[in-house]
Amino acid sequence: MKKIFLCIFIIFIVFPFCFALEEISGNIVDVLNKEIYSATLIIDNGKIIDIRKDNNSYNTYILPGLIDSHIHIESSLLTPSEFARLAVIHGTVAAVSDPHEIANVLGIPGINYMIDSGNKVPFKFYFGASSCVPATEFETSGARIDSVGIEELLKRDEIIYLSEMMNYPGVINNDPEVLNKIAVAKKYSKPIDGHAPKLRGKDLERYVKAGISTDHETISLDEGLEKISLGMKVIIREGSAAKNFDALHTLIDQYPDMCMFCSDDKHPDDLVKGHINELVVRALKKGYDKWKILQVACVNPVKHYGLGVGLLQKNDPADFIIIDNFDNFNILKTYINGILVSENGRTLIEHINAESVNNFNIRERFISDFEIKRRGKKINIINAIDGQLITHRTKDLVKTTKGFVVSDRDRDILKIAVINRYNEAPVSVAFIKNFGLKQGAIASNFAHDSHNIVAVGVSDKDIADAVNVVIENRGGLSQANSGYIDALELPIAGLMSSDDGFIVAEKYSKLSQTAKDWGSQLRAPYMTLSFMALLVIPDIKLSDKGLFDAKEFKLIDLFDIKS
């Protein structure tokens, strides 16, 4: 009798709760069919098993979740699990991520670290096989991934694409190793991302013909139109440093099937404020058709990369957001696989303590390491451009003290240095304009792509002090000014913090504001600094091996000897 009672209890009391269906009602925004209708989603085991239309009146809209089509999670200074906690607040349900930064520090184990971290939270990370580790042979990185390593990665189901092929000269000039990596991606039928700043004409045609399918480095409308005409998808980028929406937004209206949105690099203070939702709102305010905008923000990434992200169709994963209206586009709730992960601006994903891994092997530096003896009257200068990754190259007269070339804050020509973090080596020193500091120095080892230490400042002492804080912490951001020191520690590969993302954002904001108080007019001083060592972006950058001409793809002398 007891057994019978137990069976009845299980069947009628326990069983229904184990398999309870969830019902969520609202105005369904069906982007694929360009239709809005009132209905109830029936969700079971993370999937939409039915959509029941009705004639009810609802004051909310249910639509597919937003997707960042190209990002380096490490640029948020957060682990993937922590990045997810902040991103879901803004309606992001998935990210196509190139773990290129940590790969340059730790190689394939670094990529595995990112995958493992992402798997700990209800968020959809789609990682790529980083194609350029190192990015060039003109810098020192902590690891190397050859075509054999690329195949090892692309065999895996969780690696969905070949990450941005930054070595476009290698593609154009038929470098065997570069072509082998591309061939492996084709072998496993996985998309190949591009990286082609200012590439045009016959060179661009050769690049696209090799199998490159996207580009997120487009900075002008005619450049974007040319790439689209060749079959490339243009990923419209709006990050913390590079901002291309204003130049490219008309493509949303003209070619909605050939565009996607991305942030590429998003620092934590900006991630707290918004994500892909900001681009959606800006596009809506431009008056573009919402169906075109949502196709760019939600649909195109799923189709291009073959993502397992739901698009509000029957039998899809239950990935969606709920908003109040299309004017303000306030994100009320975010669901991933049927799990409510954010509500009314509050994340529901719990913080996860992260394990630290690293690769940092150098001693402290001295003022003398940053001194430069005068060898000519003029020097080649990096000209930073606010809101862009590209730089311009100019020449100017040097300022000297006791035979040494020094920063000239009156003309805003400041000393910039890159220090090899992996091996003991001489410091590489050059000069930069338009950074704006009138006092102090800032430093960071978050420096694309090899993540050596980069610093800029008014005096050699402040530069040395800022650099030594980064070395002591074995990674992070810092600033120094006549004995004043502040820093944000990044113990995970020297790239990411293990702290709560909102705390990291607050610390980062403080450092950034102080740099502005010291005179910098840049919107994101640390983010701009991080790209001054990115050799694959024109026109001129600085690596740990010296000043680099990205147009000629070669190292050049700091001094203009002809002058």
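(A) A look at the overall build of the chain. Across its full length, the chain holds 17 helices and 30 strands. Relative to the 2.2 N^0.38 estimate, which gives 24 Å for 563 residues, the radius of gyration of the chain is 25 Å and therefore close to what a compact globule would have. Counting only C-alpha atoms, the chain reaches 95 × 55 × 45 Å along its principal axes. Put simply, the chain has 563 residues, and 63% of those count as buried. Of the charged side chains in the chain, 64 are positive and 74 negative, and the gap between their average positions amounts to 3 Å.

(B) View of the pattern of salt bridges. Scanning all chains against the criterion turns up 35 salt bridges. The shortest N-O distance in the salt bridge between R156 and E158 comes to 3.3 Å. The class for E158 is partly exposed, based on a relative accessible area of 37%. In this structure, K198 and D539 form a salt bridge, with 3.7 Å as the shortest nitrogen-oxygen distance. Of this pair, K198 sits in the loop between strand 9 (192-194) and helix 8 (201-209) while D539 sits in the loop between helix 17 (525-530) and strand 28 (540-543), placing them 341 residues apart in sequence. Each of E82, R85 and D500 takes part in one network of salt bridges that share partners.

(C) Quick peek at the pairing of strand 2 (residues 35-44). For strand 2, a buried count of seven out of ten residues is recorded, marking the element as mostly surrounded by other parts of the structure. Of the pairings in the sheet, the one linking strand 1 (residues 22-30) to strand 2 comprises nine bridges and is antiparallel in character. Each bridged residue has a counterpart across the sheet, and for E22 the counterpart in strand 2 is I43. A loop of four residues connects strand 1 with strand 2, the two strands running antiparallel in sequence, and K34 in this loop sits at a positive phi of about 50°. Here strand 2 runs beside strand 3 (residues 47-53); their pairing, made up of six bridges, is antiparallel.

(D) Focus on the pairing of strand 6 (residues 92-97). Extensive coverage of strand 6 is indicated by the burial of six of its six residues. Here four bridges tie strand 5 (residues 66-71) to strand 6, and the two strands are oriented parallel to one another. Bridge pairing links D68 to A95 in strand 6. For the crossover that starts at strand 5, traverses helix 2 (residues 80-87) and ends in the parallel strand 6, the hand is right-handed. In this structure, strand 6 lies alongside strand 7 (residues 124-129), joined through four bridges in parallel fashion. Its bridge partner lying in strand 7, A94 is registered against K124.

(E) Here's a closer look at the packing of aromatic side chains. Counting across every chain of the model gives 13 aromatic pairs. Geometrically, the ring pair formed by F138 and F548 is tilted, given 5.0 Å between the ring centres and 45° between the ring planes. Of the two residues, F138 sits in the loop between strand 7 and helix 5 (147-154) while F548 sits in strand 29 (residues 546-549), which places them 410 residues apart along the sequence. Residue F138 is classed as partly exposed on the basis of its relative accessible area, which comes to 24%.

(F) Fine view of the nonpolar core. Ranked by internal contacts, the top residues of the largest apolar core, which has 181 residues, are F123, Y207, F261 and F329. Looking at this core element by element, the count peaks at nine residues for helix 14 (residues 290-305). The contacts of F329, once residues within four sequence positions are left out, are L63, L66, V280, V281, L284, I321, I323 and D324. Listed in part, the 14 residues of the second largest apolar core include A39, I43, I48 and F320.

(G) The arrangement of helix 15 (residues 460-473) in detail. The first and last C-alpha atoms of helix 15 sit 20 Å apart over 14 residues, in line with the 20 Å expected at 1.5 Å per residue. Most of helix 15 sits out of view: eleven of its 14 residues are buried. Among the structural elements, strand 22 (413-419), strand 24 (441-444), strand 25 (453-457), strand 26 (476-481) and strand 27 (484-489) are those in contact with the buried residues of helix 15. Downstream of helix 15 by one or two residues, R474 has phi in the positive range, about 55°.

(H) Examining unusual backbone geometry more closely. Between V133 and the following residue, P134, the backbone shows a cis peptide bond with an omega angle of 0°. Inspection of the secondary structure puts P134 in the loop between strand 7 and helix 5. Residue H448 is joined to D449 through a cis peptide bond whose omega torsion reads 0°. Unlike most non-glycine residues, L312 shows phi in positive territory, near 60°. Note on placement: L312 falls in the loop between helix 14 and strand 13 (320-323). Not every positive phi belongs to a glycine, and F329 is a case in point at roughly 55°. The residue F329 is located in the loop between strand 13 and strand 14 (331-336) in this model. For F329, a relative accessible area of 2% puts it in the buried group.

(I) Layout of the sheet that holds strand 23 (residues 428-433). Strand order across the open sheet formed by eight strands is 19-18-23-22-25-24-26-27, with mixed pairing between neighbours. Both outer strands of the open sheet, strand 19 (391-397) and strand 27, are each paired with one neighbouring strand and no more. Strand-to-strand twist in this sheet, taken as the mean axis angle between neighbours without regard to direction, amounts to 25°. Judged from the five bridges that link them, strand 22 and strand 25 form a sheet pairing that is antiparallel. Following the sheet pairing, I419 is matched in strand 25 by I453. This element, helix 16 (residues 501-517), spans strand 24, strand 26 and strand 27 of the sheet and lies at about 145° to strand 27.

(J) Layout of the environment of L534. Structurally, L534 can be placed in the loop between helix 17 and strand 28. Residue class for L534 comes out buried when judged on its relative accessible area of 4%. Sequence separation of L534 and D449 is 85 residues, and the distance between their C-alpha atoms is 5.7 Å. Ignoring sequence-local partners within four residues, the contact set of L534 consists of H448, D449 and K541.

(K) Representation of the sheet that holds strand 2. Pairing within the open sheet is mixed, and its eight strands lie in the order 3-2-1-4-13-14-15-16. Looking along the sheet, the strands with just one partner apiece sit at the ends: strand 3 and strand 16 (346-347).

(L) Looking closely at the packing of helix 13 (residues 276-285) against helix 14. Their axes nearest at 10 Å, the elements helix 13 and helix 14 cross at an angle of 160°. Our classification of the angle between helix 13 and helix 14 gives roughly antiparallel. Helix-helix and strand crossings are classified by hand; for helix 13 and helix 14 the assignment is right-handed. In this structure, helix 13 uses V280, A283 and L284 to contact helix 14, whose residues at the interface are K290, I293 and A297. Taken together, the residues of the contact of helix 13 with helix 14 sort by class into five nonpolar, no polar and one charged.

Conventions used here
- Residues numbered from 1 in each chain as written.
- Predicted model: local features only at pLDDT ≥ 70, side-chain atom pairs only at ≥ 80, totals over all residues.
- Heavy atoms only, no water.
- Helix = DSSP H or I, 4+ residues; strand = E, 2+ residues; numbered from the N terminus.
- Rg over C-alpha atoms; globule rule 2.2 N^0.38 Å.
- Buried < 20%, exposed > 50% of the residue type's maximum accessible area, 1.4 Å probe, protein only.
- Lys, Arg positive; Asp, Glu negative; His and termini not counted.
- Charge placed at Lys NZ, Arg CZ, Asp CG, Glu CD.
- Salt bridge = Lys/Arg side-chain N within 4 Å of Asp/Glu carboxyl O.
- Pairing = 2+ DSSP bridges.
- Right-handed = clockwise from strand over helix to strand, strands pointing away.
- Phe/Tyr/Trp six-rings, centres within 6.5 Å; stacked < 30°, edge-to-face > 60°.
- Core = buried A, V, L, I, M, F, W, Y, C linked by side-chain atoms within 4.5 Å.
- Contact = heavy atoms within 4.5 Å.
- Expected span 1.5 Å × (residues − 1).
- Axes fitted to C-alpha atoms, helices over the stretch in contact; angles between N-to-C directions.
- Parallel < 35°, antiparallel > 145°, perpendicular 65-115°, else oblique.
- Left-handed = near helix turned anticlockwise from the far one by under 90°.
- Nonpolar A, V, L, I, M, F, W, Y, C, P; charged D, E, K, R; others polar.

Shape descriptors only; they carry no functional weight alone.
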